[in-house]
Amino acid sequence: QVHIVESGGGFVEPGGSLRLSCAASGSILRIITMAWYRQVPGKRRESVASITLGDRTTYADSVKGRFAISRDNAKNTVYLQMDSLQPEDTAVYYCKADLSTFTRPRNDYWGQGTQVTVSS
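This structure is a prediction, so every number in the text was calculated from the model and none was measured. (Residues numbered from 1 in each chain as written. Predicted model: local features only at pLDDT ≥ 70, side-chain atom pairs only at ≥ 80, totals over all residues. Heavy atoms only, no water.)

Asker: Help me get a handle on the pairing of strand S3 (residues 18-26), residues and values and all.
Answerer: For strand S1 (residues 2-7) and S3, the ladder comprises 6 bridges, and the chain directions are antiparallel. Bridge pairing links Val5 to Ala23 in S3. Pairing analysis gives 6 bridges linking S3 to strand S8 (residues 77-82), with the strands arranged antiparallel. Counted as the bridge partner of Arg19 is Gln81 from S8. (Pairing = 2+ DSSP bridges. Helix = DSSP H or I, 4+ residues; strand = E, 2+ residues; numbered from the N terminus.)

Here it is in structure tokens:
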């Protein structure tokens, strides 16, 4: 069984920073890609950033230059450093891990989400 747990969300004023963490645990054989998504009520979940096993990163245009994704393969953990936060960044942030286990083929696993609220 695989568990994906996010942490680090909270309330911050515009211009502030937060760092999200996402840890994958369980009978993991290999994590190929880890990614962050976000969703606000009434809208589709959107991709924010992703990072591959080879540290290739992608970002949504709306967060380029403000957010940075990184991963610690030894800890099966991905981070999202969010700077210069704006009210439009308010959302529930979800972590997704594209991984294989010792008993199951490659698949996507999602966390439960962590709330980020940017407001004055």
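Here the narrative resumes, following the displayed structure.
Asker: Residues and numbers for the environment of Leu29, please.
Answerer: Following the sequence through the fold, Leu29 ends up in strand S4 (residues 28-39). The exposure class assigned to Leu29 is exposed, which follows from its relative accessible area of 52%. Separated by 28 residues in sequence, Leu29 and Thr57 have C-alpha atoms that sit 22 Å apart. With near-sequence residues (within four places) excluded, Leu29 lies in contact with Ser100, Thr101 and Phe102. (Buried < 20%, exposed > 50% of the residue type's maximum accessible area, 1.4 Å probe, protein only. Contact = heavy atoms within 4.5 Å.)

Asker: Run through the pairing of strand S11 (residues 114-118), naming residues and quoting values.
Answerer: The alternating pattern of S11 places Thr114, Val116 and Val118 on a buried face and Gln115 and Thr117 on a face that is not buried. In terms of strand pairing, strand S2 (residues 10-12) meets S11 through 3 bridges, oriented parallel. Within S11, the residue paired with Gly10 across the bridge is Val116. Taken together, the 3 bridges between strand S9 (residues 91-101) and S11 define a ladder with antiparallel strand orientation.

Asker: Give a description of the sheet that holds S3 that names residues and reports values.
Answerer: Pairing within the open sheet is antiparallel, and its 4 strands lie in the order S1-S3-S8-S7. Of all the strands in the sheet, the pair left with one neighbour each is S1 and strand S7 (67-72). Put simply, the sheet's adjacent strands are angled 15° from each other on average, direction ignored. (Axes fitted to C-alpha atoms, helices over the stretch in contact; angles between N-to-C directions.)

Asker: Any details on the state of the cysteines? Residues and values, ideally.
Answerer: Evaluated as defined, the whole model comprises 1 disulfide. The side chain of Cys22 participates in a disulfide bridge whose partner is Cys95; the two sulfur atoms lie 2.0 Å from each other. Taking the sign of the S-S torsion, about -80° here, the bridge from Cys22 to Cys95 comes out left-handed. Of the two residues, Cys22 is situated in strand S3 and Cys95 in strand S9; the sequence distance between them amounts to 73 residues. Grouping residues by exposure puts Cys22 and Cys95 together as buried. (Disulfide = S-S within 2.5 Å.)

Spatial relationships are all this shows, so hold off on functional conclusions.
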